[in-house]
Each structure stands twice: as C-alpha cells, then as structure tokens.
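# Observations on the model geometry
These are the residues of each chain, in order.
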Amino acid sequence: MGTVFTIAAPRGYRLKRDVCSYGYFLLAPNRWDPRSGTLSRTLDLPGGVAEVTIAQEGRSPRLTLAAGGRLSRADRAAAEGLVRRMLSLDDGSIGRFHRLDPRWKRSGRGRLFRSPTFFEDVVKTVTSCNVAWPSTMIMNARLCEVVNPAFPSAGQLARKRPSMLRARCRVGYRDRRLVELAGLVASGEVDGAWFEDRSNSDDEVFEALRGLPGIGPYSAANIMQLLGRFSRLPVDTESVRHGRAVLGMAGPSREIERRLHAHYEPFGDQKFRSYWFELWEFYESRHGPAWEWEATSTGRLFTAAKLNA
DNA sequence: GGTAGACCTGGACGC
DNA sequence: GCGTCCAGGTCTACC
C-alpha cells in the first residue's frame, strides 16, 4: 500500500518548466516522464529507500508526492525536505532576478533543478567534466545501479575501491577524486551544511569549493549555482560556443571567455541565471521544450557537440 | 602566474 | 573496420 500526500509550492510554480530547467533532470536516478509530466526517483529516507513520484495538477499551488510503499511521518518529512531542495521551492530571490533581468518575467523562468543533496550535486558536476553528455548519463546510471539506487551517499562511495568505480561505473580517471571527495564529506571534514549556510559569503564558499579534489574553477562556479548562489559564471566550452553562435563574439577562446564575464557583469549576483536561461532557450529553440525531451533520445543529444548534427 | 601535457571513456568522423 | 579526435576540466610540472 502506497502513501500519497501534498506539499505547498510557491506562487507561480510550474513543475514541468522548473524541473526541466537544468540537465540534471536527465541524470539517474531522476526520471522525467514527458507524457505524464511527472518526476520520479528513488530517495534515501529514514525508513529505507523509497520510490517517489512528484506531480502537479494544472497550476495547482500544491504538489502531490506518491510513494510506492508506506511512509512514516519521519519519512514524509524527510521526503518533503529532499524534494524542496531538488525543486528549489524555497528560493526567495526569483523577484530579484526578474528585476535585474526582466526578459524572464513573462515566462516565469528562474528556478533551477538540482539534486536532493549537496554531495549528489558535487558528484554530478565532477562526472560532467571533460566528457560528452552521454558519458555523464552513463556514469550516473552506473553509480545508481552498482552502489545505491537512490544515488550513492558519501559514506557508501568512500568505502568503494577506485578501481571498482572505474571498471563498473565507467568514471575513468575521476575514480580516486570521487573516493577522496566522498571520504572528506563522510568524515565531516567537508560539511555540506556549511556550504548551504547563507551567512557565509560567496567568496568564502567559492574558495572552499576550489580546495576540494577534482573541483576546478568551472566546477566550483557550477556548484555555486546549485547552492543557489548565482554570482559566478561556470565558463566552459559550451559558454564559448554560446558567445560565438548567439552573442556574435569573435576571437580565440581565451578572449571570448573574458568577454563573457564582462557581458554578464550587469546582472550582478544573478548573472548565472541570465546566462543559463539564454543557453537553455537556445537548446529549446533547436529541440523543442525540454519537458518534451525523452532521456533516451533528445536528452542525450541536446548539448553543443550535437547541435550541428 | 602562465602554459603544456596527461588523463578515462565513448561517440563522431575520415579513410 | 580502424585510427584519431575531442567533449559542459583538472592537475601537475615546469618555466
């Protein structure tokens, strides 16, 4: 017998628009169903792992969470907390973003999809570096198949041998960095709560992220936005393509990277969202609305490497 | 502080 | 088929 309950969504929240706003909605264990417009995934709850499906009826101010098994009160509270983080339901800065960049006010874009935990966001970012998107999808799927269907916890990953992760999860040279990273989080030496704490400055958080194994300037800036801090630009090869193809910039990559930072500077502490929704709009102009993408077809092909195909 | 080269993997591409 | 290149970077050694 399953459990069904509802949670409050902020005014103007749209599940399909706001889940399908960042590529991680296509990575395991997340499963977006374009036909039903629902998001499913396995979650780690106090009572064990549970399969949860999130739905929104029309423009209802409440989201429905349906679990396959019976959930205790503690399980429901934990599930709500994890879902609130994934869906960025507590992001109170959408109005500020729209005042700084009114282009997105009409569509209501502003919230970005992320993971239920800081650690999962860090691992997903590491698995997206120096690799084509389909390989990122494979790595995340294997981590769930081999280690934990709800996504490996830091403790679980810290206990794995790097050689096993490389062989079975296809993470390549990222093997040692992932185990080391997991060990730091599992031991408490790296405290996820500190990174989530809004009283710490963006500069402090960015520098702390830069000190983590496998985290360079791109990854640190990307994890910043996943923490709800939008003051940094994770400039990568996608950004350079965007600068050339959409913004009309010319010159060597180094020069375009410099100009991109200057271009988005007027958007201040919201510059990542201005940049990202431009990029996302470009993807959707080529492939249709993201909430219609199938993970096994369009979801594998939407990045720049495939755009000329 | 700046730069070259190595690093897993898998898919695209040219032959 | 098969070899080469490179993708939503990072790290180290070297200058």
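Just so it is clear, the model here is predicted, and its values are computed rather than measured.

Conventions adopted
- Residues numbered from 1 in each chain as written.
- Chains lettered and ligands numbered in written order.
- Predicted model: local features only at pLDDT ≥ 70, side-chain atom pairs only at ≥ 80, totals over all residues.
- Heavy atoms only, no water.
- Helix = DSSP H or I, 4+ residues; strand = E, 2+ residues; numbered from the N terminus.
- Polar contact = N/O pair within 3.5 Å; in protein donor to acceptor, adjacent residues only side chain to side chain.
- Axes fitted to C-alpha atoms, helices over the stretch in contact; angles between N-to-C directions.
- Left-handed = near helix turned anticlockwise from the far one by under 90°.
- Contact = heavy atoms within 4.5 Å.
- Nonpolar A, V, L, I, M, F, W, Y, C, P; charged D, E, K, R; others polar.
- Buried < 20%, exposed > 50% of the residue type's maximum accessible area, 1.4 Å probe, protein only.
- Near = heavy atom within 4 Å.
- Domains from an automatic or database assignment.
- Buried area = accessible area lost by both parts, 1.4 Å probe.
- Salt bridge = Lys/Arg side-chain N within 4 Å of Asp/Glu carboxyl O.
- Pairing = 2+ DSSP bridges.

## Concerning the side chain of K124
- Position of K124 relative to the elements: it lies in helix α4 (residues 118-126).
- A polar contact is formed between the side chain of K124 and the backbone oxygen of A28, at a distance of 2.8 Å.

## Considering the packing of helix α5 (residues 133-146) against helix α7 (residues 162-169)
- It is at 9 Å that the axes of α5 and α7 come closest, and there the two elements cross at 115°. For the pair α5 and α7, the sense of crossing is right-handed. Across from M139, R142, L143 and V146 in α5, the residues of α7 making contact are M164, L165, R168 and C169.
- Here the residues of the contact of α5 with α7 sort into six nonpolar, no polar and two charged.

## Quick notes on the environment of P61
- Counting through the fold element by element, P61 comes out in the loop between β4 (48-56) and β5 (62-67).
- For the pair formed by P61 and A8, sequence separation is 53 residues and the distance between their alpha carbons is 6.1 Å.
- Sequence-distant contacts of P61, defined by excluding residues within four places in its chain, comprise I7, A8 and A9.

## Considering helix α12 (residues 237-245)
- For α12, every residue scored as buried is listed here: E238, S239, V240, R241, H242 and G243.
- Packing partners of the buried residues in α12 comprise α13 (253-264) and α14 (271-287).
- Sitting at the amino-terminal end of α12 is D236, which places a side-chain oxygen 3.0 Å from the backbone nitrogen of E238.

## Examining the protein's contact with DNA strand B
- Taken together, nine residues are adjacent to DNA strand B, and R166, R170, Y173, R174 and R254 come closest.
- In the interface set of DNA strand B, defined as its atoms within 4 Å of the protein, sugar plus phosphate atoms amount to 73%.
- Taking R166, its side chain carries an N or O atom lying 2.9 Å from a sugar or linking oxygen of DNA strand B.
- In this structure, Y173 approaches DNA strand B through a main-chain N or O atom, which is 3.0 Å from a sugar or linking oxygen.
- Looking at side-chain class alone, the surface near DNA strand B contains one nonpolar, three polar and five charged residues.

## As for the domain arrangement of chain A
- Under the domain assignment, chain A is made up of domain 1 (3-104), domain 2 (118-226) and domain 3 (237-292).
- With 14 residues of domain 1 at the interface, the matching set in domain 2 holds 20 residues.
- Together, Y24, L27 and R85 form the three largest contributors to the area buried by domain 1 at its contact with domain 2, with a combined 45%.
- Across the domain 1-domain 2 interface, the total number found is three salt bridges.
- For R85, the salt bridge is made with D121, and the minimal N-O distance between the two is 2.9 Å.
- If you look at where domain 1 meets domain 2, you find nine residue pairs in polar contact (both at pLDDT 80 or more).
- Among the elements that take part in the side of domain 1 that touches domain 2, strand β3 (residues 38-45) stands out by supplying four residues, more than any other.
- Classifying every residue of the side of domain 1 that touches domain 2 by side-chain character gives eight nonpolar, three polar and three charged.

## Here we look at the protein's contact with DNA strand C
- Lining the immediate environment of DNA strand C, one finds 25 residues, of which Y22, G214, G216, Y218 and S219 sit closest.
- Listed by contribution, the elements that provide at least two residues to the surface near DNA strand C are α11 (217-226) and α12.
- Examining the composition of the surface near DNA strand C, we find that four residues originate from one element, α11, more than from any other.
- Of the residues in the surface near DNA strand C, the class split is 14 nonpolar, eight polar and three charged.

## A look at the environment of R286
- Secondary-structure assignment places R286 in helix α14.
- Through-space distance from the C-alpha of R286 to that of F302 is 8.2 Å; in sequence the pair is 16 residues apart.

## A short note on unusual backbone geometry
- Residues A28 and P29 are joined by a peptide bond in cis, for which omega reads 5°.
- Its location among the elements puts P29 in the loop between α1 (15-19) and β2 (31-33).
- At S88, a position not held by glycine, the phi torsion is positive, near 50°.
- Checked against the element boundaries, S88 lands in the loop between α2 (73-86) and α3 (94-100).

## Quick word on the pairing of β5
- Judged by which residues are buried, β5 turns out to be one-sided: L63, L65 and A67 face inward and are buried, whereas R62, T64 and A66, on the alternate face, are not.
- Summarising the sheet, strand β1 (residues 3-8) and β5 pair through six bridges and their orientation is antiparallel. From the neighbouring strand, F5 faces β5, where its bridge partner is L65.
- Bridge analysis of β4 against β5 gives five bridges, and the strand direction is antiparallel. Each bridged residue has a counterpart across the sheet, and for Q56 the counterpart in β5 is L63.

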